[in-house]
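A structural walkthrough
Residues per chain are reported as follows:
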Amino acid sequence: MNAQSNQPLALSFASDNIAGASKEVAQAMIRHSTGQASAYGTDELSLKVKLKLSEIFERDVEVFLVPTGTAANSLCLSAMTPPWGNIYCHPASHINNDECGAPEFFSNGAKLMTIDGPSAKLDVTRLRERTGEKVGDVHTTQPACVSITQATEVGSLYSLDEIAAIGEVCKASALGFHMDGSRFANALVALGCSPAQMTWKAGVDALSFGATKNGALAAEAIVLFNPTLATEMSYRRKRSGHLLSKMRFISAQIDAYLTDDLWLRNARQANTAAQRLARGLAGLRGVEVMAGAEANILFCKLDSAIIEALLKAGFGFYHDRWGPNIVRFVTSFATTAEDVDHLLSQVRQVIDTLSA
Ligand SMILES: *Cc1c(COP(=O)(O)O)cnc(C)c1O
């Protein structure tokens, strides 16, 4: 048992969406479940969320709440991309691999163009080259927008300079700039910068501000820094079936998420757990920690015998997807030091048994 939460120790490190929700978020939904509220996002709480996000981002922003990250991403991209447009992204990106073609579908057939680069970050020099190709050629789809993920799908981070450099490319070629911030808070607390610095000050036009993975039940905010996208977004959200009639329940989640810095506290907890895990694994026999856990995702290489023994002991994680013996551990807002120490003690036990 976990002394802190009175919960059984968490055995799965598969992803951050296997955790439930913060109690503040769950309680807010209950609290707002009685009484009447104006429908379709015209309620007071939805307005409050827009004002809160404007405060957090230090400027007026347009906010569109949706229940999934796929909807947030696809709606943002479709608002910036004509059907003949190119969306530049990293090959490892969620929009490229994990959204079942939703960005293409929502944009009526725009083309995803992948730009490689180390640590799941697209290379700005290649991006500059590619976005300059065949511009104005009626036979070829045309550059429309760039999408980056912060923190990335492998838990790495774009530095502020790297984001700004991509922003410059977008500005120079009049391309839209989207950020998939499914793990926005994890990146923010890791970089220690302001939300404004990580987004619009570096040229970002549209952000998928994630909350689900970091303590909400099902809530993501489309945050638009470019107000000219707002009118179109309002129709697109409704047309795609993402304008919830009882929007208060999404707003209640985001409101609680932003209250008393819950979103930042949750992200710190997740990141700290990943660092604890990385420190504990470093130097163990048969274990190679691959990159520093910059946010809340840790990759390492484990001997097959360790992987097998951990799985047998009931631990959950993805392995051998990214290469032989490569294991991914993801921590969340709900991961405690005890959860991490329990995993570490199992790893050490396995290693001891193997070498005995
Ligand atoms: C989880 C995730 C999303 C959102 O996924 P949904 O399942 O649609 O909510 C988007 N981008 C990244 C990088 C993710 O990890």
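Now for a look at the structure at hand. (Residues numbered from 1 in each chain as written. Predicted model: local features only at pLDDT ≥ 70, side-chain atom pairs only at ≥ 80, totals over all residues. Heavy atoms only, no water.)

1. Focus: the site of the ligand
Basically, it comes down to this: One heavy atom within 4 Å of a molecule or strand is enough for the residue carrying it to be called near that molecule or strand. Throughout this description, a polar contact denotes any pair of N or O atoms lying within 3.5 Å of each other; where both atoms belong to protein, one of them has to be capable of donating a hydrogen while the other can accept it, and for residues adjacent in sequence the pair is counted only when both atoms sit in side chains. Throughout, the Shrake-Rupley method with a 1.4 Å probe supplies accessible areas, and for residues the shown protein chains are the sole cover considered. With a 1 Å grid laid over protein atoms only, a set of points is called a cavity when a 1.4 Å probe fits there but cannot get out and a pocket when it is open yet has protein on both sides within 12 Å along at least five of seven lines; lining residues have an atom within 4 Å of a point. Those molecules having more than half of their atoms within 2 Å of a cavity or pocket grid point set are described as sitting in that cavity or pocket.
Taken together, Thr68, Gly69, Thr70, Asn73, His94, Glu99, Thr149, Glu153, Asp180, Ser182, Arg183 and Lys213 make up all the residues around the ligand. Contact between the ligand and Gly69: an oxygen atom at 2.9 Å from a main-chain N or O atom of the residue. A distance of 3.2 Å separates an oxygen atom of the ligand from a polar side-chain atom of Arg183. Calculation on the ligand without its partners gives an accessible area of 390 Å², and the protein chains cover 80% of this total. Under a 2 Å grid-point criterion requiring more than half of the atoms, the pocket assigned to the ligand is the largest pocket.

2. Considerations on the packing of helix 1 (residues 23-31) against helix 11 (residues 248-258)
For clarity, the cut-off: Lines fitted to C-alpha atoms define the axes, with helix axes restricted to the stretch in contact, and inter-axis angles between N-to-C directions lie between 0 and 180 degrees. Segments assigned H or I by DSSP are reported as helices when at least four residues long, segments assigned E as strands when at least two residues long, and all are numbered from the N terminus. Helix crossings fall into two classes, left-handed where the near helix is turned counterclockwise from the far one by less than a right angle and right-handed where it is turned clockwise. Residues count as neighbours in contact if any of their non-hydrogen atoms are within 4.5 Å of one another. Classification used: nonpolar for Ala, Val, Leu, Ile, Met, Phe, Trp, Tyr, Cys and Pro, charged for Asp, Glu, Lys and Arg, polar for all others including Gly.
Where helix 1 meets helix 11, the closest approach of the two axes is 8 Å, and the angle between their N-to-C directions is 145 degrees. Here helix 1 and helix 11 pass one another in a crossing that is right-handed. Residues Glu24, Val25, Ala28 and Met29 of helix 1 form the contact with helix 11, whose own contacting residues are Phe249, Ala252, Gln253, Ala256 and Tyr257. Among the residues making up the contact of helix 1 with helix 11, the classes are represented as seven nonpolar, one polar and one charged.

3. Things to note about the side chain of Thr331
Its location among the elements puts Thr331 in the loop between strand 11 (326-330) and helix 14 (337-355). Among the polar contacts listed, one links the side chain of Thr331 to the backbone oxygen of Ala270, at a separation of 2.6 Å. In contact with Thr331, other than residues within four places in its own chain, are Phe13, Asp16, Ala270, Ala273, Ala274 and Asn296.

4. Some words on the layout of surface pockets
Rules: Grid points are joined across faces, edges and corners, and a volume is the space filled by probe spheres set on the points.
In this structure, the largest pocket spans a volume of roughly 660 Å³. Around the largest pocket sit 28 residues that line it, and His94, Asp98, Arg183, Lys213 and Arg328 are the ones nearest its centre. Elements with a contribution of two residues or more to the lining of the largest pocket: helix 3 (69-80), helix 4 (94-97) and strand 5 (176-181). Looking at the lining of the largest pocket, the element that brings in the most residues is helix 3, giving three residues. Taken together, the residues that form the lining of the largest pocket break down as six nonpolar, 13 polar and nine charged.

5. Digging into the packing of aromatic side chains
Aromatic ring pairs are reported here in terms of the distance separating the ring centres and the angle at which the planes meet. Which entries qualify depends on this criterion: Stacked, tilted and edge-to-face are the three classes assigned to paired rings of Phe, Tyr and Trp, where Trp is represented by its six-membered ring and a pair needs centres within 6.5 Å; plane angles under 30 degrees give stacked, over 60 edge-to-face, the rest tilted. Three labels apply to residues, based on accessible area from a 1.4 Å probe with only protein chains included: buried if under 20% of the type maximum, exposed if over 50%, partly exposed otherwise in between.
In the structure shown here, the tally under the stated rule is eleven aromatic pairs. Note on Phe209 and Trp263: the rings are 5.5 Å apart at their centroids and 55 degrees apart in plane angle, and the pair reads as tilted. Here Phe209 is found in strand 6 (residues 206-210), whereas its partner Trp263 is found in helix 12 (residues 262-281), with 54 residues between them in sequence. The exposure class of Trp263 is buried, given its relative accessible area of 3%.

6. A few points about helix 14
For clarity, the threshold we go by: Every helix has an expected span of 1.5 Å times one less than the residues it contains. This arc is built from the directions going out from the helix axis to the C-beta atoms.
For helix 14, built from 19 residues, the straight-helix expectation of 27 Å at 1.5 Å per residue is met to within 8% by its first-to-last C-alpha distance of 27 Å. If you check which residues of helix 14 are buried, you get Asp339, Val340, Leu343, Leu344, Gln346, Val347, Val350 and Ile351. On an axial view of helix 14, the arc spanned by its buried residues comes to 155 degrees, and they lie on one face. Counted as exposed and oriented over 90 degrees from the buried face of helix 14: Asp352 and Thr353.

7. Some points on the environment of Ser345
Mapping Ser345 onto the fold places it in helix 14. Judged by its relative accessible area of 28%, Ser345 falls in the partly exposed class. Sequence separation of Ser345 and Gly280 is 65 residues, and the distance between their C-alpha atoms is 9.2 Å. Side-chain polar atoms of Ser345 contact the backbone oxygen of His342, separated by 3.0 Å.

8. Let's talk about the sheet that holds strand 9 (residues 297-302)
Strands belonging to one sheet form pairs held by backbone hydrogen bonds; the direction of such a pair is parallel or antiparallel. Inclusion rule: Any two strands with at least two DSSP-identified bridges between them are counted as paired.
Strands sit in the order 8-9-11-10 across an open sheet of four strands; the sheet is antiparallel. On the outer flanks of this sheet lie strand 8 (287-289) and strand 10 (318-319), each paired with one strand and no other. Pairing of strand 8 with strand 9, which is carried by three bridges, proceeds in the antiparallel orientation. Bridging from a neighbouring strand, Val287 pairs with Leu302 of strand 9. Where helix 13 (residues 304-312) meets the sheet, its contacts fall on strand 8, strand 9, strand 10 and strand 11, and the angle it forms with strand 9 comes to roughly 120 degrees.

9. Quick notes on the sheet that holds strand 7 (residues 220-224)
With mixed pairing, seven strands are arranged side by side in an open sheet as 1-7-6-5-4-2-3. Two strands close off the open sheet at either side, each with one partner strand: strand 1 (62-66) and strand 3 (111-114). Direction aside, neighbouring strands of the sheet carry axes that sit 25 degrees apart on average. In the sheet, strand 1 pairs with strand 7 via five bridges, with the strands oriented antiparallel. Looking across to strand 7, one finds that Leu65 is bridged to Ala221.

10. Quick word on the pattern of salt bridges
Where charged atoms from two side chains of opposite charge approach closely, those side chains can pair. Test applied: Salt bridge, as used here, is a side-chain nitrogen of Lys or Arg placed within 4 Å of a carboxyl oxygen of Asp or Glu.
Across all of its chains, the model carries eight salt bridges by this definition. As a salt-bridge pair, Asp255 and Lys48 come within 3.2 Å of each other at their nearest N and O atoms. With Asp255 in helix 11 and Lys48 in helix 2 (residues 44-56), the pair connects residues that are 207 residues apart, well separated along the chain. Here Arg130 and Glu133 are joined by a salt bridge, their closest N and O atoms 3.7 Å apart. In the salt-bridge network here, residues are joined through shared partners; they are Lys48, Lys52 and Asp255.

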